[in-house]
Amino acid sequence: MDKVAIVGFYQVKPGLDIMMSPYEMLFEATRGALDHAGLKRDDLSTVIGCNNDYYDGKTISNCFKVEAGGAYMKDESKVEMDGAHAVMYGLMRILSGNHKLAMVYGISTPSCFPYESVRILETDPTFDRPINLLNGYTAGGMQMRAYLNAFGLSEEDIAKVAVYNLKNAAKNPLAIPEAQKSNITVDEVLNSEILSTPLRKLMYPILCDGVTALILAPERQARKITDKPVWITGVGHFNDTYYLGDRDLSTSSSMEKAAEKAYKIAGINDPKSEINVAELFGHTACEDLILAEAAGLADKGKGLSLIDTGKLNPSGGTMAGYTPSVNGLTRIVEAVKQIRGEAEGYQISGANKAIASGQVGFCAQNNIIYVLEGGE
Amino acid sequence: MTLNLDDEQDVTITKGMVRAEFNFWVGIVMDKFYDGLQEKKFIGTKCSKCGKVFLPPRNRCGDCFAKAEDFIDLPETGILKNFTVTNIKISERKSRNVKKDQIVGLVQIDGADTAMIVPVLNINPEDLKTGMKLKVVWAKNIKGHPDDIAGFEPIGGV
């Protein structure tokens, strides 16, 4: 794979209600990413956005984001999945040879719509939708039960992951204040409200508004723009079936395949020892472990051991704040910051090979994973 | 909130909610499934290559990418593969007032290789166990629609 780097990025500080319009937030992010890379808007040749029409309440919603996204009179397109998928779209445009610099952003404002209710529109309209029992809570509850049962683990084990994530969030200045819990205990997590058994409130991320943007550049340009390019050295993307009743929810086959492919491209033989940092988009504290295991960072059922190493989601992951269409992009930027040595307060020392992932669908139906590396 | 735009027209704005009605053709295979429900029967499909039995049915096997158009009659009994219990409304549009425990089960009908998401009834949540045998409870008014499945209840007591 030709070398493509992430050369600039910007995260709008997320919040439960930022009181900015989506376009104001988006402009702050895209202008911020250009300034971070020392670039002008004229330098961009393509802009890829990620958002979702039914989150935005209007169709072809990217048409409203042209100016704020930096796409005025430019090549522009949109992905309706996760921000991490938009990065692949930008990457492909650059690798085609037809584009140089790509702006990629993800945006949503869940303070404006009932996210869990809207997820009913993700369900199969011929059966699951009329039955009306599937949302993020119930899917997360069944997934957690499957994981605990498969490996003989307890709710306390997942509570430990939640505590780890929320304590990490306390060190991340871009985590939402509601998720920054430096004194949280396992008991508090285990006594928090039941969302859908055995899943509890403090094992589930808090929705927040946010925008993240980054800039991709091919090798020649990247070396001119920054002395700290972070290279995308591998990518894998696989889809499982929609139907939860067809899948083994204790693991993630699509993540297994995606990671296998990304590692092959990047020449990684032993992810356990070679990967220093993993920023993974899990929908719950339990799913963080499932995805980390599927990505080969730990044996099946042994993901809990990763919290002792500190290399899983040092930013707090999505438990630091969950923004649909943005989560995967934020995970990539957090991994980039680690490799650049700029994760102030939560830096993993010596981080030079990271993975970052995005997903869509119930119980992570679809996973996309990147291998990111610093240096030459 | 109601805004008076003029003397004759009131516009009601409901915070955070949109209405987005849409129709879907359910397709040949799901039509057959709905017809089966009308007769209080489960009709699945079978992959022509690997023999996997799907319920709810589909016309293809994603793995083999082969046709799954052979219909197969399935019984009213199955096992509870997974479950979760919540008292939080699933969809604000449909069950705003539901405050009691809703038991969500992944039930695999005997003879099927897939499980479907259905309500579990007539059992205390603390008595639920994966692997337990269940039987369908049909709705009072059958209309050839997924709502005909009122839920599943334990066979022979708990």
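For the structure, check the block above.
Now for a description of the structure that goes with this document. (Residues numbered from 1 in each chain as written. Chains lettered and ligands numbered in written order. Predicted model: local features only at pLDDT ≥ 70, side-chain atom pairs only at ≥ 80, totals over all residues. Heavy atoms only, no water.)

1. Examining empty space enclosed by the protein
Residues and elements named next belong to chain A.
Phase 1: Counted under the stated rule, the structure contains five cavities of 30 Å³ or more.
Phase 2: Put simply, the largest cavity is a space of about 180 Å³.
Phase 3: Lining the largest cavity are 19 residues, with Gln11, Pro14, Leu174, Gly321 and Thr330 positioned closest to its centre.
Phase 4: Secondary-structure elements contributing two or more residues to the lining of the largest cavity are β7 (210-218) and α14 (327-340). (1 Å grid on protein atoms, 1.4 Å probe; cavity = no way out; pocket = protein on both sides within 12 Å on 5 of 7 lines; lining within 4 Å. Points joined across faces, edges and corners; volume = space filled by probe spheres on them. Helix = DSSP H or I, 4+ residues; strand = E, 2+ residues; numbered from the N terminus.)

2. Considerations on the sheet that holds strand β1 (residues 4-11) of chain A
Residue and element names in this part refer to chain A.
Phase 1: What the nine strands build is an open sheet, ordered β3-β2-β4-β7-β1-β8-β11-β10-β9; its pairing is mixed. Every other strand in the sheet has two partners, leaving β3 (75-79) and β9 (277-279) as the edge strands with one partner each. Direction aside, neighbouring strands of the sheet carry axes that sit 25° apart on average.
Phase 2: Alignment of strand β4 (residues 101-108) against β7, held across seven bridges, turns out to be antiparallel. By the bridge assignment for β7, valine 104 is matched with leucine 214. (Pairing = 2+ DSSP bridges. Axes fitted to C-alpha atoms, helices over the stretch in contact; angles between N-to-C directions.)

3. With respect to the pairing of strand β10 (residues 353-360) of chain A
All names here are of chain A.
Phase 1: Summarising burial for β10: six of the eight residues are buried, a large majority.
Phase 2: For β9 and β10, the ladder comprises three bridges, and the chain directions are parallel. The residue of β10 that forms the bridge with alanine 278 is isoleucine 355.
Phase 3: Both β10 and strand β11 (residues 366-373) contribute to a ladder of eight bridges, which runs antiparallel. Bridge pairing in β11 links glycine 358 to isoleucine 368.
Phase 4: With antiparallel pairing between neighbouring strands as the criterion, β10 and β11 make up a hairpin whose turn holds five residues, including glycine 361 at a positive phi of roughly 100°. (Buried < 20%, exposed > 50% of the residue type's maximum accessible area, 1.4 Å probe, protein only.)

4. A closer look at the packing of helix α3 (residues 83-95) of chain A against α14(A)
Residue and element names in this part refer to chain A.
Phase 1: Direction vectors running N to C along α3 and α14 enclose 70°, while the axes themselves pass 5 Å from each other. Relative to α14, the element α3 lies roughly perpendicular. For the pair α3 and α14, contact is made by Gly83, Ala84 and Val87 and by Gly328, Leu329 and Ile332, respectively.
Phase 2: Looking at side-chain class alone, the contact of α3 with α14 contains four nonpolar, two polar and no charged residues. (Parallel < 35°, antiparallel > 145°, perpendicular 65-115°, else oblique. Contact = heavy atoms within 4.5 Å. Nonpolar A, V, L, I, M, F, W, Y, C, P; charged D, E, K, R; others polar.)

5. Things to note about the interface of chain A and chain B
Phase 1: Taken residue by residue, the interface counts 33 residues in chain A and 36 residues in chain B.
Phase 2: In this assembly, chain A packs against chain B so that about 3,000 Å² is buried in total across both faces, 62% of it on carbon and sulfur atoms.
Phase 3: It is Phe127(A), Leu133(A) and Met142(A) in chain A that bury the most area against chain B; as a group they hold 22% of the surface buried on that side.
Phase 4: Applying the counting criterion to the chain A and chain B interface returns one salt bridge.
Phase 5: Across the pair Asp246(A) and Arg58(B) runs a salt bridge whose closest N-O atoms are separated by 2.6 Å.
Phase 6: Put simply, chain A and chain B have 10 residue pairs in polar contact (both at pLDDT 80 or more) between them.
Phase 7: The dominant element in the side of chain A that touches chain B, judged by the number of residues it contributes, is helix α6 (residues 136-151) of chain A, at seven residues.
Phase 8: A class-by-class count of the residues in the side of chain A that touches chain B yields 17 nonpolar, 10 polar and six charged. (Buried area = accessible area lost by both parts, 1.4 Å probe. Salt bridge = Lys/Arg side-chain N within 4 Å of Asp/Glu carboxyl O. Polar contact = N/O pair within 3.5 Å; in protein donor to acceptor, adjacent residues only side chain to side chain.)

6. Focus on the side chain of Glu279(A)
All names here are of chain A.
Phase 1: If you trace the backbone, glutamate 279 turns up in strand β9.
Phase 2: Residue class for glutamate 279 comes out buried when judged on its relative accessible area of 0%.
Phase 3: A polar atom in the side chain of glutamate 279 sits 2.9 Å from the side chain of arginine 331.
Phase 4: In this view, glutamate 279 contacts Asn313, Pro314, Ser315, Gly317, Arg331, Glu334, Ala335, Ile355, Ala356 and Ser357; residues no more than four positions away in its chain are not counted.

7. Digging into the environment of Glu67(A)
Residues and elements named next belong to chain A.
Phase 1: Looking at the element boundaries, glutamate 67 is found in the loop between α2 (53-56) and β3.
Phase 2: You can call glutamate 67 exposed: its relative accessible area is 53%.
Phase 3: Considered as a pair, glutamate 67 and tyrosine 23 are 44 residues apart in the sequence and their alpha carbons are 8.6 Å apart.

8. Let's talk about the pattern of salt bridges
Charged atoms that come close allow side chains of opposite charge to pair.
Phase 1: Scanning all chains against the criterion turns up 22 salt bridges over all chains.
Phase 2: Among the salt bridges present, the one from Lys78(A) reaches Asp53(A), with a minimum N-O distance of 2.5 Å. With a gap of 25 residues between them, Lys78(A) in strand β3 and Asp53(A) in helix α2 connect regions that are remote in the sequence. Exposure class is identical for Lys78(A) and Asp53(A). Each is buried.
Phase 3: The shortest N-O distance in the salt bridge between Asp73(B) and Lys41(B) comes to 3.8 Å. On the criterion of sequence distance, the pair formed by Asp73(B) in strand β7 (residues 70-74) and Lys41(B) in the loop between α1 (27-38) and β3 (42-46) is long-range, its members being 32 residues apart.
Phase 4: Asp73(B) sits in the exposed class, given a relative accessible area of 52%.
Phase 5: Note on Lys41(B): relative accessible area 32%, which makes it partly exposed.

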